[in-house]
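Examination of the molecular architecture
The primary structure of each chain is shown beneath.
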Amino acid sequence: MLPKAHVGETKHTEAAETPFYIPATQGTTGPSRTLKHGDCFAITDSFGDVGTADGGADGIFYSDTRFLSRLEMKINGQQPLMLGSNVRDDNSILTVDLTNPDFYVGSRLVLAKDLLHVVRTIFLWRGVAYQRVRVHNHGEEPFSVRFTFEFDNDFADLFEVRGMQRMRRGRMTAEMFNDSSVILHYVGLDEKVRRTAIHFDPPPQELSTGHAVYDFDLEPNENASLFITVKCRGDDFTLPMPFRKSLRAAFHEHRTACRGMATVETSNDIFNEVLCRSISDLVMLRTSTAQGPYPYAGIPWYSTTFGRDGLITAMQTLWIDPRVARGVLRRLAYFQATDFDPLNDAEPGKILHEMRGGEMAGLREIPFGQYYGSVDSTPLFVMLTGMYFDRTGDIEALGELWPHVEAALGWINGPGDPDKDGFVEYHRADENGLLNQGWKDSQDAIFHADGSLAAGPIALCEVQGYVYAAKRAAARVASRLGKVEFAAALEAQAALLAQRFEDAFWCEELGTYALALDGEKRPCRVRTSNAGQVLFSGIASKEHAARVAQDLLRPSFFSGWGIRTVAREELRYNPMSYHNGSVWPHDNALIAAGFMHYGFQEAVERVFKGLFDAASYMDLRRLPELYCGFQRGRQRGPTLYPVACSPQAWAAGTPLSLLQSSIGLEISLERGEVVLRNPRLPQFLDEVILRHITVGSCFVDLALRRHGTDVSVRVLRNDGKLRVAVIYG
């Protein structure tokens, strides 16, 4: 992902020169509310308004462009009083309950507060933002009230919203379409026409290109409603479907998307809320594409296709819904690079990092229209292909994907290893691309023990692990396809890589793996969470894996809310930084999966509890992209990071991944079995019920119950010939 604000940096000039930096120039004013459907998302304040703070990231967005930058409602010229603001558990609707403040004329009170109940109901569907405003007079007397809606748009590219400055912009105009509609136009420098159509029903008493006014005369106990639609694409002027009909269609679509997923219920109500929000976020971020469902990375900055994020999210959720993995693999295979293109960091066989559809991408003011500057997406693609096939046995999909796997392996052994030393490394091909191309892609994230930044080409420790796991996964698949010699060659390459990796990356004096090798093959002898992801891939020796796990759970790493990205003793440690001391939920999930791989179930439990405790303090029980790495204090929650994406796909997948690691869940269609390997439940879970775990056309329901450090497993239903096994050791 692109670097964000590095809060608390002392080298201000360094931060200012960082490309694609997201400045944090304003304090947070309260929780925002997020909705998404397809390529459209909306961020409002808790009142349901957008644009109430200058320079904010709120608005209604479509395909990396803001299509509405302001929509503010006032009652008799004043902001209403808040009663409540809630997003439904399934993220489908925002409901805001408001009431009137005291209204005065001079010093005379003409309408007391709390007589008018106003409900704003907002949802998105197919590129349209729908809003209903319902007004109810709870007073004993009739009264008149005026509702004013101020609206505007800047058609800002998402990167402008993030803080990038542009020397020139396109042309904006606005026009009245009729007595109930306004059309906002923008002709970009890319010559594309973008339109926002705003429609009011019934027609307001006053309407201009910037405001609408409704005057209501309400009898006691009388209701009145008005409807507003904001059509983001604006490629035609036909009215959207009515509010209620669209709402029913949106509900039906959501139910269809959830059908077939496994479900989880536990004895802990708070953890049930965490799981509910996580699954709802994953469904909301999932976007229908021509190749299948794809989890967009996060809102607001990453609501688009990201290779690394989609692959890891699919891995986290493979056990609960393998359809996501298939969509991710098919989409990334479709966009796999076939030629050399230095401007896009593309090389044959390389897997996509990011794609954008906004004006700035089209004009190449940013390099991310279709960008390949990530070193790990390609081995992760091969890994997920093997994991998906193990999980589903989908031979049809495998036949479609195998040529792309071969091309990806060709990149790993070819352009991905330009000096032929056996390690995959990165170095940007164009100065406008990303300087660092692992998951920690901040410009200051890869450094030596003295704090100096590493110069490329850079070989990251976790990437070598991904390559090892990718080759072993490809070998398993090749064997199933009858490519025995190719499979044997891949296994031999993986074994050699594991040996060379230990020799080059292990730092005995640190008791962990080096963060990276720089361009001169000097190890970055820094203690980081990257070593934990080495365990996730299985490349680490058992002895070294145990030492890494012990180190990551010491106070220098473990904050009480999770494992920090960098140990406190390192020179660039900063608990408020993006990558140098913060806590990332997905990073912890991958580390916990590594702990499970080596049988360190107590370590899994400790990480699981830290992340659960953090989620219990979060708004909506939603784990954000990251939070600060300050040490946990008594009777207080974690410290938030100011511009973290929330929701974020791989953060939403974290609770599901942690649960899987905790119970050691493995699913194999080839063997026709569901395995629980060294299952263990944390103390906050007495019971877990898993329903509809699919294995081919069969499924099984399981109940797990904690007895101290032991777990009993009961098969509630086995609709087929599945074998359920519990394995210890």
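The sections below set out a description of the structure shown in this document. (Residues numbered from 1 in each chain as written. Predicted model: local features only at pLDDT ≥ 70, side-chain atom pairs only at ≥ 80, totals over all residues. Heavy atoms only, no water.)

**Regarding the packing of aromatic side chains**
A full pass over the atoms with the stated rule returns 30 aromatic pairs. A centroid spacing of 6.0 Å and a plane angle of 5° characterise the contact between Tyr214 and Phe216, whose relative ring orientation is stacked. For the pair formed by Tyr214 and Phe216, the shared burial category is buried. One aromatic cluster is present, formed by Phe423, Phe501, Phe505, Trp506 and Tyr513 through successive ring pairs. Seen from the ring of Trp561, Arg632 lies directly overhead, with NZ or CZ sitting 4.0 Å from the centre. (Phe/Tyr/Trp six-rings, centres within 6.5 Å; stacked < 30°, edge-to-face > 60°. Buried < 20%, exposed > 50% of the residue type's maximum accessible area, 1.4 Å probe, protein only. Lys NZ or Arg CZ within 6 Å of the ring centre and 35° of its normal.)

**Thoughts on the side chain of His185**
Residue placement: His185 occurs in strand S14 (residues 181–187). Within the local environment of His185, its side chain forms a polar contact with the side chain of Glu175, the two groups lying 2.6 Å apart. Filtering out sequence-adjacent residues up to four positions away, His185 remains in contact with Phe155, Arg171, Met172, Thr173, Glu175, Arg194 and Arg195. (Helix = DSSP H or I, 4+ residues; strand = E, 2+ residues; numbered from the N terminus. Polar contact = N/O pair within 3.5 Å; in protein donor to acceptor, adjacent residues only side chain to side chain. Contact = heavy atoms within 4.5 Å.)

**Observations regarding the nonpolar core**
Nonpolar side chains tend to gather and get buried jointly when the protein is soluble and globular. Judged by nonpolar contacts, the single largest core of 163 residues is most densely connected at Phe381, Ile446 and Phe595. If we ignore the near neighbours within four places in the chain, the residues touching Ile446 are Tyr426, Asn436, Lys440, Leu453, Ala454, Ile458, Leu460, Leu515, Ala516 and Cys524. Of all hydrophobic cores here, the second largest spans 46 residues; its members include Phe103, Ile122, Leu207 and Ala224. (Core = buried A, V, L, I, M, F, W, Y, C linked by side-chain atoms within 4.5 Å.)

**Some points on the side chain of His579**
In this fold, His579 is placed in the loop between helix H13 (542–552) and helix H14 (585–597). A relative accessible area of 1% places His579 in the buried class. Of note is the side chain of His579, whose polar atom sits 3.4 Å from the backbone oxygen of Trp439. A distance of 2.7 Å separates a polar atom in the side chain of His579 from a polar atom in the side chain of Ser442. Apart from the residues lying within four places of it in its own chain, the contact partners of His579 are Trp439, Lys440, Asp441, Ser442, Ala445, Thr565, Val566 and Trp584.

**Some points on the environment of Asp281**
With respect to the helices, strands and loops of the structure, Asp281 is situated in helix H4 (residues 269–285). Assessed through its relative accessible area of 2%, Asp281 is described here as buried. When the C-alpha atoms of Asp281 and Leu571 are compared, they prove to be 36 Å apart, with 290 residues separating the residues in sequence. Look past the residues within four positions of Asp281 in its chain and what remains in contact with it is Asn91, Arg622, Pro647 and Ala652.

**Focus: the pairing of S14**
The element S14 is largely enclosed, with a buried count of 7 among its 7 residues. Here S14 shows no split at all, with Ser181, Ile183, His185 and Val187 on one side and Val182, Leu184 and Tyr186 on the other all buried. Linkage of strand S13 (residues 171–178) to S14, two consecutive antiparallel strands, is achieved through a turn of 2 residues. Here S14 pairs with strand S15 (residues 193–201) via 7 bridges, running antiparallel. Along S15, the bridge assignment pairs Ile183 with Ala197. (Pairing = 2+ DSSP bridges.)

**Overview of the sheet that holds strand S19 (residues 263–266)**
Across the sheet, which stays open at both edges, the 4 strands sit in the order S19-S30-S31-S32 with antiparallel pairing between neighbours. Looking at which strands have only one partner, the edges of the open sheet turn out to be S19 and strand S32 (710–719). Adjacent strand axes in the sheet meet at a mean angle of 15° when their direction is disregarded. The sheet contact formed by strand S31 (residues 698–707) and S32 spans 9 bridges and is antiparallel. Bridge pairing in S32 links Leu704 to Val713. (Axes fitted to C-alpha atoms, helices over the stretch in contact; angles between N-to-C directions.)

**What to know about the packing of helix H10 (residues 461–480) against helix H12 (residues 530–537)**
Running from N to C, H10 and H12 point in directions that differ by 5°, and their axes come no closer than 8 Å. Taken together, H10 and H12 sit at an angle that is classed as roughly parallel. Along its contact with H10, which presents Cys461, Glu462, Gly465, Tyr466, Tyr468 and Ala469, the element H12 presents Asn530, Ala531, Gln533, Val534, Phe536 and Ser537. (Parallel < 35°, antiparallel > 145°, perpendicular 65-115°, else oblique.)

**Details of helix H6 (residues 323–334)**
Taking 1.5 Å per residue, 12 residues should reach 16 Å; H6 reaches 17 Å between its end C-alpha atoms and fits that length. Those residues of H6 lying buried are Val324, Ala325, Gly327, Val328, Leu329, Arg331, Leu332 and Ala333. As for H6, its buried residues are in contact with strand S20 (286–289), strand S21 (292–295), helix H5 (307–317), strand S22 (354–355), helix H8 (377–392) and helix H9 (395–413). (Expected span 1.5 Å × (residues − 1).)

**Re helix H3 (residues 243–258)**
The end-to-end C-alpha separation of H3 is 23 Å, in line with the 22 Å expected for 16 residues at 1.5 Å each. Residues of H3 that are buried: Phe243, Ser246, Leu247, Ala250 and His254. All buried residues of H3 project into a common sector of 100° when viewed along the axis, lining one side. Tucked inside the fold, the buried residues of H3 contact strand S10 (116–125), strand S11 (128–137), strand S18 (223–231) and H4. At the C-terminal side of H3, Gly260 shows a positive phi close to 95°. (Arc of directions from axis to C-beta.)

**So, unusual backbone geometry**
The amide bond that connects Asp201 to the next residue, Pro202, takes the cis arrangement and shows omega of 0°. With respect to the secondary-structure elements, Pro202 resides in the loop between S15 and strand S16 (206–207). The residue after Ser646, namely Pro647, is reached through a cis peptide bond having omega 10°. Mapped onto the secondary structure, Pro647 falls in the loop between helix H15 (601–617) and helix H16 (649–652). Of note, the phi angle at Arg126 is positive, near 55°, even though the residue is not glycine.

By themselves, these observations are geometric and do not establish any function.
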